[in-house]
Amino acid sequence: MAQVLLNKVEKTYPGGFQAVKGIDLNIADRELIVLVGPSGCGKSTTLRMVAGLEEITGGTISIGNRVVNDVPPKDRDIAMVFQNYALYPHMSVYKNMAFGLKLRGTPKPEIDKRVQEAAKILEITHLLERKPKALSGGQRQRVAVGRAIVREPAAFLFDEPLSNLDAKLRVTTRAELKRLHHRLKTTTIYVTHDQEEAMTLGDRIVVMKDGLIMQADTPLETYQHPKNRFVAGFIGMPPMNFFDGAIKNVDGQMVFEEGKLTNVRGADAKAQAALAGKADSDEPVVMVGELTLPGNGFTLVIPDHLRDELAGKVGSHVVLGIRPEHFSLTPTVGGAAMRATLNVVEPLGNDMDVYLSTHLNDHVVARVKAESGLTMGATTVYVDVAKVQFFEPGATGMNLSLTKASTHATA
């Protein structure tokens, strides 16, 4: 077990493409940290640089107290679990798990002891004599994890290990992986593009975009106090709703007035590519433009706890963020009314997703308690104003709602 430290780590490929842009990350001994982000954000490249499978082009990587920049993968004291399992088809489960130890010259009694212990932990003892082709996808993944366990490494590296499993099996397997980490307490770096997987597994989650770390924090803090609009929109399902507008003083009250965007365009190159049908990333598409007021949108009184934070933004373009669960279809204490049109209802059992539109926004999602008999058309919804957040415009506009008490580490 060991601390893993990344200091100003960069990766630039031939041709000049910079996949990772000088990131700093301190992974504590025994911590399970999850790198999450859309396709092409640099998370897998970062993991592969820690493993030694990609050469770094700047900075240092340390495992334990040793800088490993020039250390071959086999000598880094790490074990990696891949998306495709990488099992030898002609070998039994036992031999697959034992193969790495055999290459290292580990004595046979020690190999047998480690394989049997790992098989017991993973509940695959009854599979040891089978070949990979006789196993289900979930069983193959357990074997791949078992092969990593027997090496007793300083750190485990997981590269999207559950992506080939069906939805139900992914849920049960990630619970097993978390239980396994609690038992083994080995430093673990886990890569996924699935933000739900990241939230449920990680002691901390590291949200990445375009080769940079947007935020590194506990799952709950990342969700409740996103550092910028990208994190707010990427973490959470359904995603946060965003409304462009301006802060104004009206009759002695500070309010947010929804405005209309003109000259609308993608906020960055990826958004523009998505609009042109050429997207190679699954990150949220953010639109920007010039704000026009009045736009005949809704107004919302700024909650007391945010007035000092937003005082310097009066008259400025800001973006209001409301999470789906902070809407209600019935009046609530401290709830602000908003006129909307009810378009679609998706029952989810105890909850339901309600798709709404406002005068200026065609896609608003509310997650509310399930009820029957709703009528499509004009309605009133209620917003928990104590939970709303405000951001600067742009794809990575900073969270203006963060007070000094709610700022957190980024690495």
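For the structure, see preceding data.
These numbers come from a predicted model, not from an experiment.

Visitor: Describe the overall build of the chain, and please don't skip the residues or the numbers.
Guide: Helices and strands together make up the secondary structure of the chain, namely ten helices and 22 strands. Projected onto the principal axes, the alpha-carbon positions of the chain cover approximately 80 × 50 × 40 Å. Considering only contacts within the chain whose residues lie at least 6 apart along the sequence, 68% involve residues at least 24 apart. Between the centroid of the 47 positive side chains of the chain and the centroid of its 46 negative side chains there is a distance of 8 Å.

Visitor: An account of the environment of Asp-203 is needed here, citing residue identities and associated values.
Guide: With respect to the secondary-structure elements, Asp-203 resides in the loop between α6 (195–201) and β9 (204–209). In sequence terms Asp-203 and Ala-79 are 124 residues apart; their C-alpha atoms lie 20 Å from each other. In contact with Asp-203, other than residues within four places in its own chain, are Arg-30, Glu-31, Leu-32, His-181, Thr-218 and Pro-219. In terms of polar contacts, Asp-203 uses its side chain to reach the backbone amide nitrogen of Leu-32, at 2.8 Å.

Visitor: Describe the nonpolar core, naming the residues involved and giving the relevant values.
Guide: The biggest cluster of nonpolar side chains holds 45 residues, and the ones touching the most others in it are Met-97, Val-115, Val-145, Tyr-190 and Ile-235. No other element matches helix α3 (residues 108–122), which puts six residues into this core. In this structure, Leu-47, Ala-51, Ile-56 and Val-206 belong to the second largest nonpolar core, which totals 32 residues.

Visitor: Tell me about the pattern of salt bridges, residues and numbers included.
Guide: With the rule as written, the count across this model stands at 22 salt bridges. Measuring nitrogen to oxygen at the nearest pair gives 3.7 Å for the salt bridge that ties Glu-54 to Arg-48. For Glu-54, a relative accessible area of 18% gives the class buried. Of the charged contacts in the structure, one is a salt bridge between Arg-170 and Asp-194, with a shortest N-O distance of 3.5 Å. Residue Arg-170 is found in helix α5 (residues 167–184), and its partner Asp-194 is found in the loop between β8 (187–192) and α6; the two are separated by 24 residues along the sequence. Overall, Asp-194 belongs to the partly exposed group, its relative accessible area being 22%. Shared partners join several salt bridges into a network, and the residues in it are Lys-209, Asp-210, Asp-268, Lys-270 and Glu-283.

Visitor: Which residues make up the sheet that holds strand β16 (residues 317–322), and what values do they have?
Guide: Strands sit in the order β15-β12-β11-β16-β22 across an open sheet of five strands; the sheet is antiparallel. Taken across any chain shown, the strands that pair with only one partner, and hence form the sheet edges, are β15 (299–301) and β22 (389–391). On average, each strand axis in the sheet is tilted by 40° relative to the strand beside it, whichever way the strands run. Two strands pair when backbone bridges link them, and strand β11 (residues 241–250) and β16 are joined in this way by six bridges, in the antiparallel orientation. Paired with Ala-246 across the strands is His-317, a residue of β16.

Visitor: How would you explain the sheet that holds strand β2 (residues 18–27) if you had to name every residue and give the values?
Guide: One open sheet holds the four strands; their spatial order is β2-β1-β4-β5, and the pairing between them is antiparallel. One side of each edge strand has no neighbouring strand; the edge strands of this open sheet are β2 and β5 (66–67). Pairing geometry for strand β1 (residues 4–12) and β2, over seven bridges, is antiparallel. When the sheet's bridge partners are listed, Leu-5 is paired in β2 with Asn-26.

Visitor: Help me get a handle on the packing of aromatic side chains, residues and values and all.
Guide: Enumeration according to the criterion identifies eight aromatic pairs in this entry. Judged by centre distance (6.1 Å) and plane angle (45°), the ring pair of Phe-256 and Phe-298 falls under tilted. Of this pair, Phe-256 sits in strand β12 (residues 253–258) while Phe-298 sits in the loop between β14 (287–292) and β15, and the two are 42 residues apart along the sequence. Residue classification places Phe-298 among the buried residues on the basis of a relative accessible area of 11%. Put simply, the rings of Phe-243, Phe-256, Phe-298 and Phe-390 pair up and form one aromatic cluster. The ring of Phe-242 has Arg-229 sitting right over it, with the charged end atom 4.4 Å from the ring centre.

Visitor: Can you explain the environment of Gly-137? Please cite residues and give values.
Guide: With respect to the helices and strands, Gly-137 occurs in helix α4 (residues 137–149). Exposure remark for Gly-137: the relative accessible area of 28% places this residue in the partly exposed category. Remark: the alpha-carbon pair of Gly-137 and Asp-166, spanning 29 residues in sequence, is separated by 8.8 Å. If we skip the residues at most four places from it in the chain, Gly-137 touches Tyr-85 and Leu-165.

Visitor: Tell me about the pairing of β16, residues and numbers included.
Guide: In terms of residue burial, β16 counts as a mostly covered element, since five of its six residues are buried. Where β16 meets β22, three bridges bridge the pair, whose relative direction is antiparallel. Residue pairing for β22: Val-319 is matched across the bridge by Phe-391.

Visitor: Can you lay out unusual backbone geometry for me, pointing to particular residues and giving the numbers?
Guide: For the bond from Met-237 to Pro-238, the omega torsion is 0°, close enough to zero to count as cis. Checked against the element boundaries, Pro-238 lands in the loop between α8 (229–234) and β11. Phi is positive for Arg-30, which is not a glycine, with a value near 75°. Here Arg-30 shows up in the loop between β2 and β3 (32–36). When its relative accessible area of 42% is taken as the criterion, Arg-30 is described as partly exposed. One non-glycine residue, Asp-77, lies in positive phi territory at about 60°. Within the element layout of this structure, Asp-77 appears in the loop between β5 and β6 (78–81). Overall, Asp-77 belongs to the partly exposed group, its relative accessible area being 34%.

Rules and cut-offs
Residues numbered from 1 in each chain as written. Predicted model: local features only at pLDDT ≥ 70, side-chain atom pairs only at ≥ 80, totals over all residues. Heavy atoms only, no water. Helix = DSSP H or I, 4+ residues; strand = E, 2+ residues; numbered from the N terminus. Contact = heavy atoms within 4.5 Å. Lys, Arg positive; Asp, Glu negative; His and termini not counted. Charge placed at Lys NZ, Arg CZ, Asp CG, Glu CD. Polar contact = N/O pair within 3.5 Å; in protein donor to acceptor, adjacent residues only side chain to side chain. Core = buried A, V, L, I, M, F, W, Y, C linked by side-chain atoms within 4.5 Å. Buried < 20%, exposed > 50% of the residue type's maximum accessible area, 1.4 Å probe, protein only. Salt bridge = Lys/Arg side-chain N within 4 Å of Asp/Glu carboxyl O. Pairing = 2+ DSSP bridges. Axes fitted to C-alpha atoms, helices over the stretch in contact; angles between N-to-C directions. Phe/Tyr/Trp six-rings, centres within 6.5 Å; stacked < 30°, edge-to-face > 60°. Lys NZ or Arg CZ within 6 Å of the ring centre and 35° of its normal.

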